[in-house]
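Architecture at a glance
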Amino acid sequence: MKKEYLLTPGPTPLPPQVSAAMAKPIIHHRTPQFQEILKEVGCGLKWVFQTANDVFIISSSGTGAMEAAVVNLLSSGDTALVVQGGKFGERWTELCKAYGITTEIIDVEWGKAVSPEEIGKRLKANPQIKVVFTTLCETSTGVDNDIRAIAGIVKETPAVLAVDAISGLGAVDIKPDAWGVDVVVAGSQKGLMLPPGLGFITLSPKAWKLVEVSKTGRYYLDLRKAKKALDKNDTPFTSSITLISALNEALKMMQQDGLENIFKRHKIMADATRAAIKALGLELFAPTAASDGVTAACVPAGLDGEKLVKTMRDTYGVTIAGGQAELKGKVFRIAHMGFITESDIIMGIACLEKVLTQMGYKFTLGAGVKAAEEVFLK
Ligand SMILES: *Cc1c(COP(=O)(O)O)cnc(C)c1O
């Protein structure tokens, strides 16, 4: 018998209320019943995104919302500045390239956060830059960028700031209106405790000016269509009825909890995970800008990182994430975002200790669990 535990940075586990909402009979999307749900969801999304602007729902994974940002903000031949400090920063570059947008790149060493001042310097040096693309939580490296500081710099320029908050939203604080972040994109399967399948995007009035002049061909991802529909409390195409109903449940749960509590819980779980990693004699991959959504740890020398992840999953049912791209086999990642509690962290660390021991790594058995418990008991 095996029980499955998900400690990955997307998908994340589903609360029973969310799963139950999806088991209900489907309703039609052009009905007063669904419009009621859409209305509630609209308010809930503004709350969780901490914005007074509309939040649009796209039936796609998170990348669809990233693509919506690119095609609606920019045209072929325009210039964008991209912060590339991991696989997801690279995705912004790849999306821009696909649409003929010129990219200036800030290559950040993987495991480090971008320097906001560097963004300011690049904007000053090239006034052609229309959009700055960056990432809240760079999930591939376990780094949180200082979006507040970045926004403080970008908002003083004509450029628009677009942030991939796909894995950060609902785990790490981001305040678009208060800080001056123009565009925020997110996805359903991370901090929002839903299955994959929904993308989200919100835009400031400054960003809408670019939407109005973008010449890029677009149809499904045309936000002008989405805006027209949303103004009538509708969606331009068939809504993801089931996922949106589930979203309504998840948002209600989050609202009961409150954002302050949610962020605090994520911080405590991140602190506990980081303390455990250090107590096991392992190194954090991103010690200076570690994310509260996901912890990346270095695989100790001589150990097969892929085998570690595989054994935890296949033998014990505990799924953590390995390294992506150049970090394959070199790091493992334990997510603590969404519907994750202290007990899940303890269980995950305990399993990690067991498999590390079996693989011949030497440490005091129980040291990681003890360190995590000490954080929780504080
Ligand atoms: C998961 C993730 C994505 C990709 O989202 P998909 O839903 O797989 O399209 C993009 N950016 C970040 C930061 C992520 O964590």
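Attention now goes to the pairing of strand β4 (residues 102-107). Relative to β4, strand β3 (residues 79-84) runs parallel, the two sharing 6 bridges. Each bridged residue has a counterpart across the sheet, and for Thr79 the counterpart in β4 is Thr102. A crossover connection joins β3 to the parallel β4 through helix α4 (residues 87-98); in handedness this β-α-β unit is right-handed.

This part is about the domain arrangement of the chain. It is common to give the size of an interface as the accessible area lost on bringing the parts into contact. Under the domain assignment used here, the chain contains domain 1 (5-11 + 258-377) and domain 2 (16-256). Contact residues are listed per partner, giving 25 residues for domain 1 and 30 residues for domain 2. Together domain 1 and domain 2 conceal approximately 2,300 Å² of surface at their shared face, both sides included; 67% is due to carbon and sulfur atoms. It is Leu259, Phe263 and Gln324 in domain 1 that bury the most area against domain 2; as a group they hold 23% of the surface buried on that side. Counting across the domain 1 and domain 2 interface gives 0 salt bridges. Joining domain 1 to domain 2, the criterion identifies 8 residue pairs in polar contact (both at pLDDT 80 or more). Listed by contribution, the elements that provide at least two residues to the side of domain 1 that touches domain 2 are α11 (259-279) and β11 (294-298). The element best represented in the side of domain 1 that touches domain 2 is α11, accounting for 4 residues. A breakdown of the residues in the side of domain 1 that touches domain 2 according to their chemical character gives 15 nonpolar, 7 polar and 3 charged.

The next subject is empty space enclosed by the protein. All chains considered together, the criterion is met by 3 cavities of 30 Å³ or more. In this model, the largest cavity occupies a volume close to 230 Å³. Lining the largest cavity are 20 residues, with Ile57, Ile58, Ala226, Thr235 and Pro236 sitting closest to its centre. Put simply, the parts of the chain that give the lining of the largest cavity at least two residues each are β2 (55-59) and α9 (223-231). Per element, the largest residue contribution to the lining of the largest cavity is 5 residues, and it comes from β2. Classifying every residue of the lining of the largest cavity by side-chain character gives 13 nonpolar, 5 polar and 2 charged. Of the volumes computed, that of the second largest cavity is approximately 50 Å³. Surrounding the second largest cavity, Val83, Gly85, Gly89, Val108, Lys112, Ala113, Val114, Thr135, Glu138, Val143 and Asn145 form its lining. When grouped by side-chain class, the residues that make up the lining of the second largest cavity number 5 nonpolar, 4 polar and 2 charged.

Scoring rules and cut-offs
Residues numbered from 1 in each chain as written. Predicted model: local features only at pLDDT ≥ 70, side-chain atom pairs only at ≥ 80, totals over all residues. Heavy atoms only, no water. Pairing = 2+ DSSP bridges. Helix = DSSP H or I, 4+ residues; strand = E, 2+ residues; numbered from the N terminus. Right-handed = clockwise from strand over helix to strand, strands pointing away. Domains from an automatic or database assignment. Contact = heavy atoms within 4.5 Å. Buried area = accessible area lost by both parts, 1.4 Å probe. Salt bridge = Lys/Arg side-chain N within 4 Å of Asp/Glu carboxyl O. Polar contact = N/O pair within 3.5 Å; in protein donor to acceptor, adjacent residues only side chain to side chain. Nonpolar A, V, L, I, M, F, W, Y, C, P; charged D, E, K, R; others polar. 1 Å grid on protein atoms, 1.4 Å probe; cavity = no way out; pocket = protein on both sides within 12 Å on 5 of 7 lines; lining within 4 Å. Points joined across faces, edges and corners; volume = space filled by probe spheres on them.

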